[in-house]
Every structure is written in structure tokens, then in C-alpha cells.
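Fold and geometry: a report
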Amino acid sequence: MKILLINGPNLNLLGKREKNIYGDSSFEDYFKQLQTQFTQHELTYYQSNVEGELINKIHEVGFDYDGIVFNAGAYTHTSVAIRDAIAGIQTPVVEVHISNILTREKFRHKSIIGPACKGSIMGFGLDSYRLGIESFLQR
């Protein structure tokens with residue numbers, strides 16, 4: 001299986017920002033662990049702070065990959081354009097969040113992209129990504 005993990009804005013700062021919410025590991029270190037754990041599958045990773053670049057990546061892989069695990073960061077709550085990109089592709093997308101967005105600020109409670117996704121996983125720390133990957137392996 002070919003699975004792409006996408007991180008949106010500010011997630012390049014994992015391990016450095018708000019450690020009480022996001023932990024102290026960089027995503028790059030965690031991604032290496034995932035690659036070791038899922039050696040039989042092709043995992044790739046992409047991160048951007050730019051909405052249009054995220055949309056371009058979704059379009060690029062959205063007809064060839066078996067799954068996308070996507071943490072859209074703050075765009076989760078604001079981007080109709082990303083929601084439409086997800087709805088417009090064939091590759092299923094699982095929305096993930098490190099924290100439980102329902103226990104945070106009220107503006108984070110609504111996901112615009114969620115209804116276009118196969119499912120949502122939140123609140124399990126970086127392990128949310130592993131659970132997202134596993135959701136594609138249990139077809």
C-alpha cells in the first residue's frame with residue numbers, strides 16, 4: 001500500500017511548540033518509527049504551512065495512493081478549499097489530530113474537512129497517525 005501522511009501549518013514545530021499539548025518528539029523522528037513499523041507499505045510524508053501547497057499535494061496523489069492520513073492543523077476549522085480537494089479525489093483520507101480538538105477552544109470543535117474524510121482520529125498523541133495508517137490496512 002502507498003500511504004501519504006500530510007501535516008499542515010505549524011506541525012513542522014512538533015517537539016518544540018506547546019509540548020504540553022503536542023509532546024516533545026519531532027514528527028520526523030516519529031515518522032522514522034512508523035516506517036520501521038510498517039515496512040511492508042510505502043509511507044511518505046509531506047508538510048506545508050501553505051494552504052495551496054497542501055491542496056496541490058492532495059491533487060497530486062489523490063488518484064494513485066491507497067490512503068492519505070491528514071492533519072490539517074488549523075485549516076481543519078477554516079478551509080473549504082481543502083475540504084473540496086478531499087471531496088474531489090478518489091483516495092480516501094483519514095483526518096487525524098494529536099490532541100482531542102473537542103476538549104480545546106470552542107473554535108476548534110468544528111471540522112470543515114471531516115465530512116469529506118473516511119473518518120477522524122483525535123486525542124491519541126502522535127499515535128493518532130499510526131491508528132490512521134492501520135485504518136487503511138483493515139479493509
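Each remark here, short or long, concerns the structure printed above.
Before going into details, it helps to say that this report is about the structure given with it.

About the thresholds
- As a convention, each chain's residues are numbered from 1 in the sequence order in which they are written.
- Only residues with pLDDT of at least 70 get local features here, since the model is predicted, and only at 80 or more are side-chain atom pairs given and counted; chain-wide, interface and lining totals rely on the full set of residues.
- Where side-chain values are given, they derive from all heavy atoms of the structure, hydrogens and water being excluded.
- Residue burial is assigned from relative accessible area. The probe radius is 1.4 Å, only protein chains are included, and a residue is buried under 20% of its type maximum, exposed over 50%, and partly exposed in between.
- A run of H or I in DSSP counts as a helix once it spans at least four residues, and a run of E counts as a strand once it spans at least two, with each numbered from the N terminus.
- Pairing between strands is defined by DSSP: at least two bridges between them are needed.
- By arc we mean the arc of the directions from the helix axis to the C-beta atoms, nothing more.
- Angular values range over 0 to 180 degrees, each being the angle between N-to-C directions of two axes fitted as lines to C-alpha atoms, with helices fitted over their stretch in contact.
- For classification purposes, angles smaller than 35 degrees are called roughly parallel, those larger than 145 roughly antiparallel, those between 65 and 115 roughly perpendicular, and all remaining angles oblique.
- Here a residue-residue contact requires only that any non-hydrogen atoms of the pair lie within 4.5 Å.
- Just so you know the grouping, Ala, Val, Leu, Ile, Met, Phe, Trp, Tyr, Cys and Pro go in nonpolar, Asp, Glu, Lys and Arg go in charged, and all remaining residues, Gly too, go in polar.
- The criterion for an aromatic pair is that two Phe, Tyr or Trp rings (for Trp, the six-membered ring) have centres within 6.5 Å, with stacked assigned to planes under 30 degrees apart, edge-to-face to planes over 60 apart and tilted to the rest.
- Only when the NZ atom of a Lys or the CZ atom of an Arg is both within 6 Å of the ring centre and within 35 degrees of the ring normal do we say a charge sits over the ring.

Concerning the pairing of strand E3 (residues 67-71)
Taken across its 5 residues, E3 has 5 buried, putting it largely inside the fold. Neither face of E3 is exposed, since Gly-67, Val-69 and Asn-71 on one face and Ile-68 and Phe-70 on the opposite face are all buried. As defined by bridge partners, strand E1 (residues 2-7) adjoins E3 across 5 bridges and the pair is classed as parallel. Residue pairing for E3: Asn-7 is matched across the bridge by Asn-71. Relative to strand E4 (residues 93-97), E3 runs parallel, the two being bridged by 3 bridges. Bridging across to E4, Ile-68 finds its partner in Val-93.

Notes on helix H4 (residues 80-87)
Those residues of H4 not exposed but buried are Ile-82, Ala-85 and Ile-86. Looking straight down H4, one finds its buried side chains confined to an arc of 100°; they lie on one side.

What to know about the packing of helix H3 (residues 51-61) against H4
Their axes nearest at 9 Å, the elements H3 and H4 cross at an angle of 5°. Judged on the interaxial angle alone, H4 and H3 are roughly parallel. For the pair H3 and H4, the contacting residues are Glu-51, Leu-54, Ile-55, Ile-58 and His-59 in the first and Ala-81, Ile-82, Ala-85 and Ile-86 in the second. In the contact of H3 with H4, the residues fall into 7 nonpolar, 1 polar and 1 charged.

Comments concerning the pairing of E1
Of all 6 residues in E1, 5 are buried; the element is thus mostly enclosed. With 6 bridges connecting them, E1 and strand E2 (residues 42-47) associate as parallel partners. Each residue of the ladder has a partner; that of Ile-6, found in E2, is Tyr-46.

A look at the packing of aromatic side chains
According to the stated counting rule, one finds 6 aromatic pairs in the structure shown. A connected cluster of aromatic rings, assembled from ring pairs, spans Phe-27, Tyr-30, Phe-31, Tyr-45 and Tyr-129. Its guanidinium or amino end placed over the ring of Tyr-65, Lys-2 lies 4.6 Å from that ring's centre, counting from NZ or CZ. Taking the ring centre of Tyr-46 as reference, the NZ or CZ of Lys-57 above it sits at 4.9 Å.

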